[in-house]
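Letter by letter, the chains look like this.
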Amino acid sequence: MNKAMIRLEDIGPGGWYGTEEQQAKLLVIARFLHHLQIPFHLAVIPRYVDPAQHTDRSIADLQDEASLRFVRLLRTMAALGASLGIHGYTHQYGGSVSGDGFEFAYSECTADCPPDDTPEAVASLLQVQQSYAYRRVQLGHQAFQSAGLTAAWFETPHYAASPVQRQIIEICNGVLYESPPDEPHAKTAVLRHNPDDPLTNGTIYVPTPLYYVSGHNTEAEVASMERTLKDFTGERELASFFYHPYLEFPYIRFLDDGTVHYDEHSPLRRILRLFEKERKSFVSLTSILPFIPDFRETRLLDRLNMKRPRFLHAKRNKLPNRWIIRDEASNIWYAMDLGIRSPLRIHNGIHSIRPLLADWPPTSSGTAMTGDFDGDGFIDTAVWHAELGICHVALGAGSSRLAPDGIWLSEPGALNWKSLTGDFDGDGRDDLFLWDDVTGIAAIAYSSGGSFSPPLIQHEVSVQGKDMMPCIGDVNGDGLDDLVVWDSASGACQVWLSSSTRLRHAGFWYSAKDPLDSPLSVVLGDVDGDGLEDLVLVQPASGKWFILYSSGTAFGRQEECFGPWAAGEQTTPFLADLSGNSRVSLLAWSPNRHGGTLDAAINARDRTMG
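Remember, predicted model here, so these are calculated numbers, not experimental data.

About the criteria used
- Here the residue index of a chain counts from 1 through its sequence in written order.
- Note on the predicted model: pLDDT of at least 70 is required for a residue's local features to be given, and 80 or more for side-chain atom pairs to be given and counted; whole-chain, interface and lining totals, by contrast, use all residues.
- Hydrogen atoms and water are omitted, and side-chain values are computed over all heavy atoms in the structure.
- Strands here are runs of E lasting at least two residues and helices are runs of H or I lasting at least four, both read from the DSSP assignment and numbered beginning at the N terminus.
- What the globule rule says is 2.2 Å times the number of residues to the power 0.38, and the radius of gyration is computed from C-alpha atoms.
- Buried, partly exposed and exposed residues are distinguished by accessible area as a fraction of the type maximum, computed with a 1.4 Å probe on protein chains only: under 20%, between the cut-offs, and over 50%, respectively.
- For this analysis, residues touch if any pair of their heavy atoms sits within 4.5 Å.
- Areas reported here follow the Shrake-Rupley algorithm with a probe of radius 1.4 Å; residue values treat only the protein chains shown as occluding.
- By the counting scheme adopted, Arg and Lys are positive, Glu and Asp are negative, and His together with the chain ends is not counted.
- The atom standing in for a charge is NZ when the residue is Lys, CZ when it is Arg, CG when it is Asp and CD when it is Glu.
- By the convention used here, strands pair only if DSSP detects at least 2 bridges between them.
- Structural elements are reduced to axes, namely lines fitted to C-alpha atoms, with helices fitted over the stretch in contact, and the angle between N-to-C directions of any two is expressed from 0 to 180 degrees.
- By this rule, a helix spans an expected 1.5 Å times one less than how many residues it contains.
- For each structure, a 1 Å grid was placed over the protein atoms alone; sets of points admitting a 1.4 Å probe that cannot get out are labelled cavities, open sets with protein on both sides within 12 Å along at least five of seven lines are labelled pockets, and lining residues have an atom within 4 Å of a point.
- Grid points are joined across faces, edges and corners, and a volume is the space filled by probe spheres set on the points.
- Residues were grouped as follows: Ala, Val, Leu, Ile, Met, Phe, Trp, Tyr, Cys and Pro as nonpolar; Asp, Glu, Lys and Arg as charged; and all remaining residues, including Gly, as polar.
- Residue ranges for the domains originate in an automatic or database domain assignment.
- When a carboxyl oxygen of Asp or Glu is within 4 Å of a side-chain nitrogen of Lys or Arg, the pair counts as a salt bridge.
- N or O atoms within 3.5 Å of each other form a polar contact, as long as, within protein, one can give a hydrogen and the other can take it, and as long as residues adjacent in sequence are counted only when both atoms are side-chain atoms.
- Buried area: the accessible surface (1.4 Å probe) lost by two parts on joining, summed over both.
- Here, a disulfide means two cysteine sulfur atoms that sit within 2.5 Å of each other.

1. Here we look at the overall build of the protein chain
Stage number 1. Helix and strand counts for the protein chain come out as nine helices and 38 strands.
Stage number 2. For 610 residues, the compact-globule estimate of 2.2 N^0.38 gives 25 Å, and the protein chain sits close to it at 27 Å.
Stage number 3. Overall size of the protein chain, expressed as C-alpha extent along the three principal axes, is 85 × 50 × 45 Å.
Stage number 4. In the protein chain, buried positions account for 57% of the 610 residues.
Stage number 5. Considering only contacts within the protein chain whose residues lie at least 6 apart along the sequence, 58% involve residues at least 24 apart.
Stage number 6. Working note: accessible area of the protein chain is about 24,800 Å², and carbon and sulfur atoms make up 49% of it.
Stage number 7. Each charge class in the protein chain was averaged separately, 51 positive and 77 negative side chains, and the resulting centres sit 2 Å apart.

Here is the structure:
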């Protein structure tokens, strides 16, 4: 079935939705959609203004009974499956009425014209935050936060904004639920991304190509939608439209016995039957977007005073990943705090970086790793010196310091072997995985809490050849980390599942129809939050991220692609849980872009009320 989307438009705490009866009828529509298992979206105007009627009511006004009633309604509809978005702040300017008026500058304006921002407003983040457009977006988000609501997207009133103001709005928001201005007839979601823009790493536009029913000639408009609906046949095309729910109100009556009569001949109910007839399946906005572009941090090499930073992260149960940076040039270790709590993404990013440890280990070479090696709940670091066959460990003590704990493993037989970490026996202590890509021999050195035991050869495992790319993660959800090996030459992926004492071959979990030509990075992480780590293949040069979801016995053959995003041959990709919701987001480190750039794309499921 092809995908469809519905957005209920211009929902505010006044006008058509100000009285108890009007709000009750809106709730009838929401419950009807919920009954049909149709995800729906609410374009919320946070502050309703009607100057002629002296009406000015905001969802942030916690002292106004009508506002509180409206906020309770929004929460109820969110519980029924609504995705909430911000539709401007007041959706008006001057003497115009919310829902009718414009809020941002547009060239055709002749009266009540909103001010425009100058090109200098996008010269820096500081100047962005001094602009009119930013202030309106910020006020909308502040009203939502005051009401205890979460917005997953933004929509400009009437899809109108000057080029400068649109750039400001894009800098602030990762998703705009409207047709892109340069592709007004787009049928698919579009990621607008200029890699050279220092202030943003892209914005996703979700279009409404079926437009809407105005109510001026309902019969003709419904018939037109029926004809156009047949043209949506592509797998990624969205039969998306918006609808003003007050058009349904004449068809909804509250009966004396307490029941509700909702006329089946109403325009919306007829439209929904057309969608069912054409086998369109309604989906939510966040379900079609695996990730949403978020913060971009630039000039990090100068700001951090580092020459060769290596970003490391470690998992924590029900908590955001812990981040540690090792400057491989100076051999100094730092703790990095990332924050993504603000819905205005320009306020997200690196909150602090503080030194943890200097001049450790004795040599600045080796492979740096993180994990909880002693099982105390704090993140530790390790450095494997392949040329010596030794592994140094420094133990974490809270988030403030690292304490060197000596050599945990000395294994001359593993000279020039490579290393990764993971908890293969499920005891809460991360172990050391070692392999020799020349012979294919692999081994696990289990942690005792104070050292790594002599490496135990994994006889079923073979990781032989430069094309073999191993990674570690729990792909079957049993709490034990497993081994996943991608063969870049053949495009095949093998899995060895941990039984706590050994790795056993579980066969081929994926085989690409056509091996991807350009160099790949292979990473594991739980994208959909089901407890199974998924396989993500990244083409750094093209910026394409291919998501293959784990079923516990295979990686999905339906490749979901995100991008192009954060493209660059020198880009290093990461998957990390930034929110503590057990779902990974994307990060990309690009040392050659804007003096060192760290980009983030947030898991779309972390931008919902759930």
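2. Here we look at the sheet that holds strand β34 (residues 544-548)
Stage number 1. If you walk across this open sheet you meet the four strands as β32-β33-β34-β35, and the pairing is antiparallel. Bordering the open sheet on either side are β32 (521-525) and β35 (560-562), each of which pairs with just one other strand. Averaged over neighbouring strand pairs, the angle between their axes works out to 25 degrees when direction is ignored.

3. Digging into helix α1 (residues 20-35)
Stage number 1. The first and last C-alpha atoms of α1 sit 22 Å apart over 16 residues, in line with the 22 Å expected at 1.5 Å per residue.
Stage number 2. In this fold, the buried residues of α1 make contact with β1 (2-11), β2 (40-44), α2 (65-79), β12 (252-254), β13 (260-262) and α7 (267-277).
Stage number 3. Glutamine 37 occupies a position one or two residues after α1 and carries a positive phi of about 60 degrees.

4. Some words on the environment of glutamine 145
Stage number 1. If you trace the backbone, glutamine 145 turns up in helix α4 (residues 132-146).
Stage number 2. Separated by 197 residues in sequence, glutamine 145 and serine 342 place their C-alpha atoms 9.7 Å apart.

5. Quick look at the layout of surface pockets
Stage number 1. Taken as a whole, the second largest pocket encloses approximately 650 Å³ of empty space.
Stage number 2. Lining of the second largest pocket is provided by 20 residues; of these, Lys3, Arg236, Ile288, Glu560 and Cys561 occupy positions nearest its centre.
Stage number 3. If you list the elements that add at least two residues to the lining of the second largest pocket, you get β8 (190-192), α8 (285-288) and β35.
Stage number 4. Among the elements that line the lining of the second largest pocket, the one with the most residues is β35, at three residues.
Stage number 5. Class assignment for the residues of the lining of the second largest pocket results in 11 nonpolar, four polar and five charged.
Stage number 6. Both domains that meet at the lining of the second largest pocket, namely domain 1 (2-287) and domain 2 (291-603), each give it at least three residues.

6. Let's talk about the pattern of salt bridges
Stage number 1. Within this structure, the stated rule accounts for 22 salt bridges.
Stage number 2. Each of Arg7, Glu9 and Glu155 takes part in a single network of salt bridges with overlapping partners.

7. Digging into α4
Stage number 1. A rise of 1.5 Å per residue sets the reference length of α4, with its 15 residues, at 21 Å; its end C-alpha atoms lie 21 Å apart and thus fit the reference within 8%.
Stage number 2. Turning to α4, its buried residues number three or more, namely Tyr132, Ala133, Tyr134, Arg136, Val137, Gln138, Leu139, Gly140, His141, Ala143 and Phe144.
Stage number 3. Against β2, β4 (55-58), β5 (82-87), α3 (125-128), β6 (153-155) and α5 (163-172) lie the buried residues of α4.
Stage number 4. Where α4 begins, the capping side chain belongs to serine 131, and its oxygen is found 3.1 Å from the backbone nitrogen of tyrosine 134.
Stage number 5. A positive backbone phi angle near 75 degrees is found at glycine 148, which sits one or two residues after α4.

8. Looking at the side chain of serine 83
Stage number 1. Structurally, the position occupied by serine 83 is in strand β5.
Stage number 2. Polar side-chain contacts of serine 83 include one of 3.0 Å to the side chain of tryptophan 153.
Stage number 3. For serine 83, the contacting residues outside a window of four places in its chain are Phe40, His41, Leu42, Ala152 and Trp153.

9. Quick look at the domain arrangement of the protein chain
Stage number 1. For the protein chain, the assigned domains read domain 1 (2-287) and domain 2 (291-603).
Stage number 2. Just the C-alpha atoms count here: the centres of domain 1 and domain 2 sit 40 Å apart.
Stage number 3. Each partner contributes to the interface: domain 1 provides 28 residues, whereas domain 2 provides 23 residues.
Stage number 4. Carbon and sulfur atoms make up 55% of the surface buried where domain 1 meets domain 2, a total of about 1,900 Å² over both sides.
Stage number 5. Applying the counting criterion to the domain 1 and domain 2 interface returns zero salt bridges.

10. What to know about the sheet that holds strand β30 (residues 492-498)
By definition, the strands of a sheet pair up through backbone hydrogen bonds, in either a parallel or an antiparallel sense.
Stage number 1. Here four strands make up an open sheet; going across it, the order is β28-β29-β30-β31 and the pairing antiparallel. Here the strands that pair on one side only, and so sit at the sheet edges, are β28 (468-473) and β31 (503-511). Here the strands of the sheet are splayed against their neighbours by 20 degrees on average, with no regard to which way each runs.
Stage number 2. Alignment of β28 against strand β29 (residues 482-487), held across six bridges, turns out to be antiparallel. The partner of methionine 468 across the bridge, within β29, is aspartate 487.

11. Quick notes on the pairing of strand β36 (residues 572-576)
Stage number 1. Burial within β36 is extensive, with four of its five residues counted as buried.
Stage number 2. Relative to strand β37 (residues 585-590), β36 is paired through five bridges, and the arrangement is antiparallel. Each bridged residue has a counterpart across the sheet, and for leucine 575 the counterpart in β37 is leucine 586.

12. Some remarks on the state of the cysteines
Stage number 1. Considering all chains together, one arrives at one disulfide under this definition.
Stage number 2. Covalently, cysteine 109 is tied to cysteine 113 through a disulfide, its sulfur atoms 2.1 Å apart. Taking the sign of the S-S torsion, -105 degrees for the link of cysteine 109 and cysteine 113, the bridge is left-handed.
Stage number 3. In this model cysteine 493 remains outside any disulfide bridge; the closest cysteine sulfur is found in cysteine 471, 7.0 Å from its own.
Stage number 4. Its relative accessible area of 0% is what places cysteine 493 among the buried residues.

13. Overview of unusual backbone geometry
Stage number 1. Across the junction of tryptophan 360 and proline 361, the peptide omega takes the value -10 degrees, indicating a cis bond.
Stage number 2. For the bond running from glycine 563 to proline 564, omega is 5 degrees, close enough to zero to count as cis.
Stage number 3. Structurally, proline 564 can be placed in the loop between β35 and β36.
Stage number 4. In this model, histidine 91 sits at a positive phi of 55 degrees, which is unusual for a non-glycine residue.
Stage number 5. Along the chain, histidine 91 falls in the loop between β5 and α3.

14. Examining empty space enclosed by the protein
To find the voids left in a structure, one rolls a probe of water-molecule size over its atoms.
Stage number 1. Across all of its chains, the model carries one cavity of 30 Å³ or more by this definition.
Stage number 2. The calculated volume of the largest cavity comes to roughly 120 Å³.
Stage number 3. Along the wall of the largest cavity there are 14 residues; nearest its centre are Ala152, Gly174, Val175, Pro343 and Arg607.
Stage number 4. When residues of the lining of the largest cavity are traced back to their parent elements, those giving at least two are β6 and β15 (291-297).
Stage number 5. In terms of residue count, the dominant contributor to the lining of the largest cavity is β15 (three residues).

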